[in-house]
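Commentary on secondary and tertiary structure
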Amino acid sequence: MRTRQLMILGSGLLACAGMWGQTAATMAAGQTLSVAASSFPADNLLNGGPAAWNQVAVKHVGLNRTPPLYDTDEPAALEIPVVDVRLARTGGKLLVQLNWHDPTHDAITLPEVPKTPPETRFLKVPTEADDRFFDAAAVMFPTKPEAGAMTPSLQMGDAEHPVEIYYWNATRGAMLMQAQGRGTTRRTGQSFPANASYQNGQWSVTFELPDLPPGTPVAFAVWNGSQKDRDGRKYFSVWQVLE
Amino acid sequence: MSKHQYAMVMDLNKCLGCQTCTIACKKLWTDRDGTGYMYWNNVETRPGLGYPRQWDRIGGGWKDGLLQPSPLPTMEDYGYAWEYDYEQRLFEGKRKPVMPSPEPKSGVNWDEDVGGMNGEENYFFYVPRICNHCTYPACLEACPRKAIYKREEDGIVVIDQDRCQGYRYCIKACPYKKIYFNEVTGKSEKCIFCYPRLEKGEVNACAAQCPGRLRFVGLLDDPESPVHKLVLVHKIALPLFPEKGTQPNVFYVPPFNPPKRDNYGKSILEDARLPLDYLVYLFGPDVKNVITRLEAELKRAQAGGRSEVLQLLIGRDAETRYRIRPQLVQIQG
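Sequence positions are assigned chain by chain, starting from 1 and proceeding in written order. Key to labels: chains lettered from A, ligands numbered from 1, both in the order written. Thresholds applied to this predicted model are a pLDDT of at least 70 for local features of residues and 80 or more for the giving and counting of side-chain atom pairs; totals over whole chains, interfaces and linings are not thresholded and use all residues. The basis for every side-chain value is the complete set of heavy atoms in the structure, and neither hydrogens nor water enter the calculation.

**As for the sheet that holds strand E14 (residues 215–219) of chain B**
Put simply, the rule is: Strand pairing is assigned whenever DSSP identifies at least 2 bridges connecting the two strands. Working definition: helices are DSSP H or I runs of at least four residues, strands are E runs of at least two. Numbering for both runs from the N terminus.
An order of E15-E1-E14-E16 (chain B) is seen for the four strands of this open sheet, with the pairing classed as mixed. Of all the strands in the sheet, just strand E15 (250–253) and strand E16 (322–323) of chain B have a single pairing partner and so form its edges.

Written out as structure tokens, the structure is:
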């Protein structure tokens, strides 16, 4: 089993290295992530303080930077080299907590839009800025996790291996997405429970996912708004495997 | 490539700069939350800053087959919306002047009628602008979501609001900066060439409301349409910044008339009221040939002859100016 996993991770690594023109040596390798069986209910893990997570081991997962989308884009610096991941199972849920250092807090509270139709109001809600982007994070895993199966393409899955993407945005909140390859990501219109806090240059975001079986590959992504991150312009991990 | 292509020609010699088109468009399409700063149609004074300011100098479009994205214009480039403090003056009885806040520093039509100098003479003209519904849209190519598409039946370029994720690569890629980001919805928006009106046989709102009757609308590939005649037969209308490589489908009859003061009877090209270099900057080197053709038509009419081109440009009635073919687009499209 272990050999197969390594082989799968290795092939995933080479695939993305080839596709994106990066050398495999610069990619942070995948690893096995242990999942704690927590005695706390999901709500405590989601909304409680650090106490609920104290007993859960942390794994440092290396992040990579996608290359520029345009030839004319400046390559972005690797400002967020690592995300700390904690995983806990409780009550049929998988709680994923991501912590990362980001000195720039790119989040706003959008103005409230009145419920009345705009044509009935003299004043409309303005667009306050058109050039800001917000911090965000995501957890991706195969829609149908199968033990020992090939991992989906790291670029948002592929036609045979669709993926679920639990995406959280510091301004727009949590939204569930699905994809079957690069450029196919679509919003399902559904949300999911998530909780985020920002303190001393550190984001801590907790995602509530459905429970996933051992051996499921998961990957993480982080967007830094001040680096104008959005879309594939982001930090990403290679596939990791749940213990 | 689309099966048909709607196009618009605007005769800049007739534009009054009255902004009726701007308001027609605004009331119809961008009177919603998040769209306050959006002008799918705007009229700018040239030479001038434009909207967003300096849009013509920051980049976008194609070069050697590659996209040339610009930086994103900022709200400073569009200008922040301001309000007047009527409250203290009208209701609190304070005798302070009603000042706008925040202090206005830029905005749509900010430098109206400022223009430039040609020798010792001031000059300016108006350029109404909508999305060019380009044949090779840089915005479409730039969108990783494939949210932008060019309608096969009529060549109109639109943004699928369900697919758009607000990444704004399209705004960077558009050399005309005619896509706007709505921060309230988190999606980008642009001129839709009034396709719901065209589908009902009605001309675009900006054209319908134009008191100067300077807009001509039809299918570029319809030999009977005024746009086909003006662009392809008489060759007197040119796109803006053709070197940007997107092949716009909005064309302009360049301003060439009246002649300079005390210059009557001389060729406009000899001693132009408007610096030709500036017209070349806007419309490319072919603008001189276009002005030569227009001048020849004018001379023919002045000598008592009949000019089909001038009759068309006068555009007395809607039948002359517009040829909307919803049936053609639907049946053959």
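**Focus: the packing of helix H9 (residues 276–283) of chain B against helix H10 (residues 287–302) of chain B**
Residue and element names in this part refer to chain B. Rule in force here: For helices, the axis comes from a line fit to the C-alpha atoms of the stretch in contact; other axes are also lines fit to C-alpha atoms, and the angle between any two N-to-C directions lies between 0 and 180 degrees. The scheme is simple: roughly parallel for angles under 35 degrees, roughly antiparallel for over 145, roughly perpendicular for 65 to 115, oblique for anything else. The contact criterion used throughout is that any non-hydrogen atoms of two residues lie within 4.5 Å. Note on residue classes: Ala, Val, Leu, Ile, Met, Phe, Trp, Tyr, Cys and Pro are nonpolar, Asp, Glu, Lys and Arg are charged, and everything else, Gly too, is polar.
Interhelical geometry of H9 versus H10 gives an angle of 115° and a closest axis separation of 9 Å. As summarised for this structure, H9 and H10 are arranged roughly perpendicular, according to the angle between their axes. Contact residues: Leu 276, Leu 279, Val 280 and Phe 283 in H9; Val 287, Lys 288 and Ile 291 in H10. When grouped by side-chain class, the residues that make up the contact of H9 with H10 number six nonpolar, no polar and one charged.

**What about the environment of Val 203 of chain B?**
Among the secondary structure elements, Val 203 of chain B is positioned in the loop between helix H6 (195–198) and helix H7 (205–208). When sequence neighbours within four positions are dropped, the list of residues in contact with Val 203 of chain B reads Arg 197, Leu 198, Ala 208, Val 217, Tyr 322 and Ile 324 of chain B.

**A closer look at the confidence of the model for chain A**
Put simply, the test is: pLDDT is a per-residue confidence score from the predictor, ranging from 0 to 100.
This prediction gives chain A a mean pLDDT of 86; 86% of its residues lie at or above 70. In the predicted structure, residues 1–26 of chain A sits below a pLDDT of 50 and forms 30 contacts with residues beyond four places in sequence or in another chain.

**Here's the deal with the pattern of salt bridges**
Residues and elements named next belong to chain B. Under the convention used in this document: The rule for a salt bridge is simple: a side-chain nitrogen of Lys or Arg has to be within 4 Å of a carboxyl oxygen of Asp or Glu. Only protein chains enter the accessibility calculation, which uses a 1.4 Å probe; a residue is then buried when its area is under 20% of its type maximum, exposed when over 50%, and partly exposed in between.
Counted according to the given criterion, the structure contains 22 salt bridges over all chains. Two residues, Arg 151 and Asp 154, come together in a salt bridge whose shortest N-O distance is 2.8 Å. Considered together, Arg 151 and Asp 154 belong to a single accessibility category, that of buried residues. Across the pair Arg 151 and Glu 199 runs a salt bridge, and its minimum N-O distance is 2.8 Å. Pair noted here: Arg 151 is in the loop between strand E10 (148–150) and strand E11 (157–159) and Glu 199 is in the loop between H6 and H7, with a separation of 48 residues, a long-range link.

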